[in-house]
Amino acid sequence: MRPTTKKPSARSGPRRFAGLGALDARLVAVDLDLARLDARRLRRASLGQAIRVIEGGRRMYNLVHVEDVAACIAGAAGTGEPGIYNVASGEHTSLLDLANTVAETYRDRQVEVHSDPPSPERHYGFPLISVEKARRALGFVPVGLREGLRRYRSVLDASRVL
């Protein structure tokens, strides 16, 4: 029997091809607009400028730290069972929480957070994503928001990007 080159389908679940297990790591909350806004917030904070949050900062995200993504992929490729893994923080973070944590990370710059009032008829986020399978099978422990921002600031400060 010849090995197939067909890619596994998320709908049909994990398969084996030529004796190798298929792996699907779903990265959650990879949002380019959010990343761009975060870079702007970090730049403003690094300069000691106020951070503005629209709609009351109520939109919710499942953020993920780049080190968590790398660790999960390495763990899954090395010892993980074939299957689908969600890679996320496993906790909701609102944009207001994010802005306040950025301000806290730059406490030495006395950054203020200004929040516009929310719209009462608007939906503000996504359901929480379960990372239990990655925790159980890969020993995945997500980096928290505060620690992730602290690490990110250290990298930015060392590289003098902001």
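Residues numbered from 1 in each chain as written. Predicted model: local features only at pLDDT ≥ 70, side-chain atom pairs only at ≥ 80, totals over all residues. Heavy atoms only, no water.

**Overview of the pattern of salt bridges**
Phase 1: For the coordinates displayed, the defined rule picks out 9 salt bridges.
Phase 2: Across the pair arginine 150 and glutamate 147 runs a salt bridge, and its minimum N-O distance is 2.6 Å. Remark: glutamate 147 and arginine 150 occur in helix α5 (residues 145–159); sequence separation between them is 3 residues, near one turn of the helix.
Phase 3: A relative accessible area of 43% places arginine 150 in the partly exposed class.
Phase 4: Three or more residues are tied together by salt bridges with common partners; here these are Glu67, Glu147, Arg150 and Arg151. (Salt bridge = Lys/Arg side-chain N within 4 Å of Asp/Glu carboxyl O. Helix = DSSP H or I, 4+ residues; strand = E, 2+ residues; numbered from the N terminus. Buried < 20%, exposed > 50% of the residue type's maximum accessible area, 1.4 Å probe, protein only.)

**A few points about the nonpolar core**
The tendency in soluble globular proteins is for nonpolar side chains to be buried side by side.
Phase 1: Ile51, Leu98, Val102 and Tyr106 are the most contacted members of the largest nonpolar core, which totals 16 residues.
Phase 2: Those elements that place two or more of their residues in this core are α1 (32–46), β4 (51–53), α3 (95–105) and α5.
Phase 3: The element best represented in this core is α3, accounting for 5 residues.
Phase 4: Tyr85, Ala88, Ala134 and Leu138 belong to the second largest nonpolar core, which has 10 residues in total. (Core = buried A, V, L, I, M, F, W, Y, C linked by side-chain atoms within 4.5 Å.)

**Overview of the packing of α3 against α5**
Phase 1: Here α3 crosses α5 at 50°, and the two axes come no closer than 10 Å. Relative to α5, α3 is oriented oblique. Between α3 and α5 lies a crossing of right-handed hand. Side by side, α3 and α5 meet where Asp97, Leu98, Thr101, Val102, Glu104 and Thr105 of the first sit next to Leu145, Arg146, Leu149, Arg150 and Arg153 of the second.
Phase 2: Tallied by class, the residues present in the contact of α3 with α5 amount to 4 nonpolar, 2 polar and 5 charged. (Axes fitted to C-alpha atoms, helices over the stretch in contact; angles between N-to-C directions. Parallel < 35°, antiparallel > 145°, perpendicular 65-115°, else oblique. Left-handed = near helix turned anticlockwise from the far one by under 90°. Contact = heavy atoms within 4.5 Å. Nonpolar A, V, L, I, M, F, W, Y, C, P; charged D, E, K, R; others polar.)

**Regarding the side chain of threonine 105**
Phase 1: Note that threonine 105 resides in helix α3.
Phase 2: Take threonine 105: its relative accessible area is 19%, and that puts it in the buried class.
Phase 3: One polar contact links the side chain of threonine 105 to the main-chain carbonyl oxygen of threonine 101, over a distance of 2.7 Å.
Phase 4: Aside from chain neighbours lying at most four places away, what touches threonine 105 is Leu149, Arg150 and Arg153. (Polar contact = N/O pair within 3.5 Å; in protein donor to acceptor, adjacent residues only side chain to side chain.)

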